[in-house]
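An overview of the molecular structure
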Amino acid sequence: WIMRFREDIKLADLLVLEANLTHESLHTCFSIAREAKVPVFFEPVSVTKSLRVVPFLSDVSYFSPNEAELKAVAAAAGESRRSFVSHEVAADVAFLKSRGVQNILVTRGEAGVYSSSRDGETRVLPSLKVPIVNVNGAGDCLVAGVLKALVGSGKRSLEYAVSYGIAVACAAI
């Protein structure tokens with residue numbers, strides 16, 4: 001089924017995949033994107049489903065886990081801590097980047113987003129202080145904002161894209 005859209009995928013500025021897809025579907029999509037040099041944004045969906053990305057880490061251009069998904073994927077990819085690490089998020093991000101993931105955006109709710117770009121720049125971008133009505137969909141809104149900023153508006157920097165995504169998420173809650 002996916003092969004019917006092969007040419008569309010090859011022409012994309014960015015391919016967005018998420019962990020509800022089967023292993024076979026992910027394999028096909030990652031293969032097409034790799035062949036066409038199309039960057040891939042992977043959304044992990046849940047801790048359990050996030051593990052589906054492990055075989056494809058070297059093909060992931062953007063990865064947007066929450067802290068629990070980050071930890072699970074790092075562990076499944078072989079990260080083992082022999083001693084206490086005070087900056088666990090930073091250690092897991094560094095490990096996944098060593099496995100080929102280029103840009104990682106760790107969502108942390110009210111604590112904002114920990115981002116690490118392909119050039120090694122790491123930032124903690126704070127959430128905006130807004131009254132919370134309902135957080136349902138906030139993560140999806142953040143990703144939508146990041147994607148819009150990455151492929152629209154002159155293909156802005158990762159920092160700009162994450163900041164834009166945070167603003168979109170905060171408007172939704």
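Below or above, wherever it landed, is the structure these notes cover. Worth saying up front: this structure is predicted, and the values here are computed from it rather than measured. Here, residues in each chain are numbered from 1, in the same order as that chain's written sequence. Per-residue local features of the predicted model are confined to residues with pLDDT of at least 70, and side-chain atom pairs are confined, for both listing and counting, to 80 or more; whole-chain, interface and lining totals are unaffected and use all residues. Note that the side-chain values use all heavy atoms of the structure and ignore hydrogens as well as water.

Here we take up the side chain of glutamate 43. Working definition: helices are DSSP H or I runs of at least four residues, strands are E runs of at least two. Numbering for both runs from the N terminus. Tracing the chain through its elements places glutamate 43 in strand β2 (residues 40–43). Polar contact criterion, stated in full: a pair of N or O atoms within 3.5 Å, where within protein one must be able to donate a hydrogen and the other to accept it, and residues adjacent in sequence count only if both atoms are side-chain atoms. Within the local environment of glutamate 43, its side chain forms a polar contact with the side chain of serine 64, the two groups lying 2.6 Å apart. We call two residues contacting when some pair of their heavy atoms lies within 4.5 Å. The residues touching glutamate 43, leaving out its near neighbours within four places in the chain, are Leu17, Glu18, Ala19, Ser64 and Val143.

Quick look at the pairing of β2 now. Partly exposed describes any residue whose relative accessible area lies between the buried limit of under 20% and the exposed limit of over 50%, with all areas from a 1.4 Å probe on protein chains only and scaled to the type maximum. Because side chains alternate across β2, one face comprises the buried residues Val40 and Phe42, and the other comprises Phe41 and Glu43, equally buried. Any two strands with at least two DSSP-identified bridges between them are counted as paired. With four bridges joining them, strand β1 (residues 15–18) and β2 adopt parallel strand pairing. Each residue of the ladder has a partner; that of leucine 15, found in β2, is valine 40. Place the viewer so that the strands point away; then a crossover is right-handed whenever the path from the first strand over the helix to the second strand goes clockwise. Traced from β1 through helix α2 (residues 23–36) to β2, the parallel crossover comes out right-handed. Where β2 meets strand β3 (residues 62–63), two bridges bridge the pair, whose relative direction is parallel. Paired with phenylalanine 42 across the bridge in β3 is phenylalanine 63.

Okay, the environment of valine 168 next. Within the element layout of this structure, valine 168 appears in helix α7 (residues 158–172). For the pair formed by valine 168 and valine 146, sequence separation is 22 residues and the distance between their alpha carbons is 8.7 Å. If near-sequence neighbours (up to four positions away) are discounted, valine 168 is found in contact with Cys141 and Gly145.

Turning to the nonpolar core, a few remarks are in order. Working definition of a nonpolar core: buried Ala, Val, Leu, Ile, Met, Phe, Trp, Tyr and Cys residues. They are joined through side-chain atoms within 4.5 Å. Leu15, Leu17, Phe30, Phe42, Phe63 and Leu96 are the most contacted members of the largest nonpolar core, which totals 30 residues. Of all elements in the fold, only β1, α2, β2, α4 (67–76), α5 (88–98) and β4 (103–107) reach the threshold of two or more residues within this core. The greatest single-element share of this core, amounting to five residues, is contributed by α2. For phenylalanine 30, the residues in contact, after removing those within four places along its chain, are Leu17, Val40, Phe42, Phe56, Asp59 and Val60. One finds Val113, Val143, Val146 and Ala161 within the second-largest nonpolar core, a separate group that totals 18 residues.

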